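Given next are the chains, with one letter for each unit.
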Amino acid sequence: MRVVAAFILAFSLTGCVAKTALDIVTLPVRAAGTAVGAVGSGVDAVTTSQSEADQKRGRQIRKQEECIGREQKKAARQDREPDYSRCDR
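A few points on the structure. (Residues numbered from 1 in each chain as written. Predicted model: local features only at pLDDT ≥ 70, side-chain atom pairs only at ≥ 80, totals over all residues. Heavy atoms only, no water.)

### Some details on the overall build of the chain
- Along the chain, the regular secondary structure elements total three helices and zero strands.
- Reading the secondary structure of the chain in the N-to-C direction produces α-α-α.
- Here the chain holds 89 residues, and the buried ones make up 6% of them.
- Total accessible area on the chain is roughly 7800 Å²; 63% of this is exposed by carbon and sulfur atoms. (Helix = DSSP H or I, 4+ residues; strand = E, 2+ residues; numbered from the N terminus. Buried < 20%, exposed > 50% of the residue type's maximum accessible area, 1.4 Å probe, protein only. Areas by Shrake-Rupley, 256 points an atom, 1.4 Å probe, with all protein chains shown as cover.)

This is the structure in structure tokens:
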């Protein structure tokens, strides 16, 4: 029984080692391909499109509105006026 277990373990580890070796060998090629893709697109890798800027601004607005809502609820629970300056980050 031990021989069978050792045999199975040896072959399963061989697959892991081979997979790791393959990952290590192909890593520079994949990294270079990513870098070439970024350099090949040149300006696009550096600039922000209008739609990307709009999405970013939309996220900022939603985040601020969520903060305002939380502040309103917190102020209502504590029976005080909301302090919106906490949301101006």
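### Some points on helix 3 (residues 50–77)
- Given a rise of 1.5 Å per residue, 28 residues ought to cover 40 Å, and the 41 Å separating the end C-alpha atoms of helix 3 matches this to within 8%.
- All buried positions along helix 3 are accounted for by G58, C67, E71 and A75. (Expected span 1.5 Å × (residues − 1).)

### With respect to the state of the cysteines
- Scanning the model with the defined rule gives one disulfide in all.
- Disulfide pairing is shown between C67 and C87; the S-S distance is 2.1 Å. Residues C67 and C87 share a disulfide whose torsion about the S-S bond is about -80 degrees; that sign makes it left-handed. You can see C67 sitting in helix 3 and its partner C87 sitting in the segment after helix 3, a full 20 residues away along the chain.
- Classification of C67 as buried rests on a relative accessible area of 18%.
- On the basis of relative accessibility, which here comes to 8%, the residue C87 falls in the buried class. (Disulfide = S-S within 2.5 Å.)

### Quick look at the pattern of salt bridges
- Inspection of the entire model under this criterion finds three salt bridges.
- R86 is the salt-bridge partner of E71, the closest N and O atoms lying 3.8 Å from each other. In this pair, E71 sits in helix 3 while R86 sits in the segment after helix 3, placing the two residues 15 residues apart along the sequence.
- You can call R86 partly exposed: its relative accessible area is 37%.
- Among the ionic contacts, a cluster of salt bridges with common partners joins E71, R80, D83 and R86. (Salt bridge = Lys/Arg side-chain N within 4 Å of Asp/Glu carboxyl O.)

### Quick notes on the side chain of E71
- Judged by relative accessible area, E71 falls into the buried class, the value being 5%.
- Residue contacts for E71: discarding those within four places in its chain leaves R80, P82, D83, Y84, R86 and C87. (Contact = heavy atoms within 4.5 Å.)

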